Amino acid sequence: MEPNPGPNPGPDSRHLSVIQLICRAYGLADASEITEELIHRYVSEDRHADERTAQLRDRLRPRIPRQRTAGDAA
């Protein structure tokens, strides 16, 4: 079974496991240093980052007016 590479790694990035992502995020030498608290913190921070990204995307999305049809009043 292949390790989960995490959320949407993108075409140019290498596939990293969640363990590798947590180690990189918190400067850990290896997986033996990961605690349950770090796992919960990583998941929580990742979820908040996703929420902020969605909010920014919605705020910056251009407002394109819908085209009027022949029956619409001007």
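Residues numbered from 1 in each chain as written. Predicted model: local features only at pLDDT ≥ 70, side-chain atom pairs only at ≥ 80, totals over all residues. Heavy atoms only, no water.

*Asks:* Break down the overall build of the chain for me, citing the residues and quoting the values.
*Replies:* From N to C terminus, the chain includes two helices and zero strands. Looking at the 74 residues of the chain, the share that counts as buried comes to 14%. Pairs at least 24 apart in sequence give 3% of the contacts found in the chain among residues at least 6 apart. Of the roughly 6,700 Å² of accessible surface on the chain, a fraction of 53% belongs to carbon and sulfur atoms. (Helix = DSSP H or I, 4+ residues; strand = E, 2+ residues; numbered from the N terminus. Buried < 20%, exposed > 50% of the residue type's maximum accessible area, 1.4 Å probe, protein only. Contact = heavy atoms within 4.5 Å. Areas by Shrake-Rupley, 256 points an atom, 1.4 Å probe, with all protein chains shown as cover.)

*Asks:* Summarise the confidence of the model for the chain; cite the residues concerned and give the values.
*Replies:* Summing up the model confidence of the chain, the mean pLDDT is 77 and the portion of residues at 70 or higher is 76%. The model gives residues 1–6 a pLDDT under 50, and that stretch makes eleven contacts with residues more than four places away or in other chains. (pLDDT = per-residue confidence, 0-100.)

*Asks:* Before we move on, can you summarise the nonpolar core with the specific residues and values?
*Replies:* Nonpolar side chains tend toward joint burial in soluble globular proteins. In this structure, Ile22, Cys23, Tyr26, Leu28, Ile34, Leu38 and Tyr42 together form the largest nonpolar core, which totals seven residues. Among the elements of the structure, helix H1 (18–26) and helix H2 (36–60) are those that each provide at least two residues to this core. Take this core: its biggest share by element is three residues, from H1. When sequence neighbours within four positions are dropped, the list of residues in contact with Leu38 reads Tyr26, Leu28 and Glu33. (Core = buried A, V, L, I, M, F, W, Y, C linked by side-chain atoms within 4.5 Å.)

*Asks:* Tell me about the pattern of salt bridges, and please be specific about residues and values.
*Replies:* It is possible for side chains bearing opposite charge to pair when their charged atoms get close. Taken as a whole and judged by the stated rule, the model has one salt bridge. Taking the shortest distance from any N to any O, the salt bridge between Arg41 and Glu45 comes out at 4.0 Å. Of the two residues, Arg41 and Glu45 both sit in helix H2, four residues apart, roughly one turn of that helix. Using a relative accessible area of 38% as the deciding quantity, one classes Arg41 as partly exposed. (Salt bridge = Lys/Arg side-chain N within 4 Å of Asp/Glu carboxyl O.)

*Asks:* Kindly report on the packing of H1 against H2, identifying the contributing residues and their values.
*Replies:* Running from amino to carboxyl end, H1 crosses H2 at an angle of 90°, the nearest separation of the two axes being 11 Å. With respect to H2, the element H1 is oriented roughly perpendicular. Across the interface between the two elements, Leu21, Ile22, Ala25 and Tyr26 of H1 pack against Leu38, Ile39, Arg41, Tyr42 and Glu45 of H2. By residue class, the composition of the contact of H1 with H2 is seven nonpolar, no polar and two charged. (Axes fitted to C-alpha atoms, helices over the stretch in contact; angles between N-to-C directions. Parallel < 35°, antiparallel > 145°, perpendicular 65-115°, else oblique. Nonpolar A, V, L, I, M, F, W, Y, C, P; charged D, E, K, R; others polar.)

*Asks:* Just give me the short version of H1, but keep the residues and values in it.
*Replies:* Those residues of H1 that fall on the buried side of the exposure criterion are Ile22, Cys23 and Tyr26. Along the axis of H1, the buried residues cluster in a sector spanning 100°; they form a single face. Residues of H1 that are buried in the fold lie against H2. (Arc of directions from axis to C-beta.)

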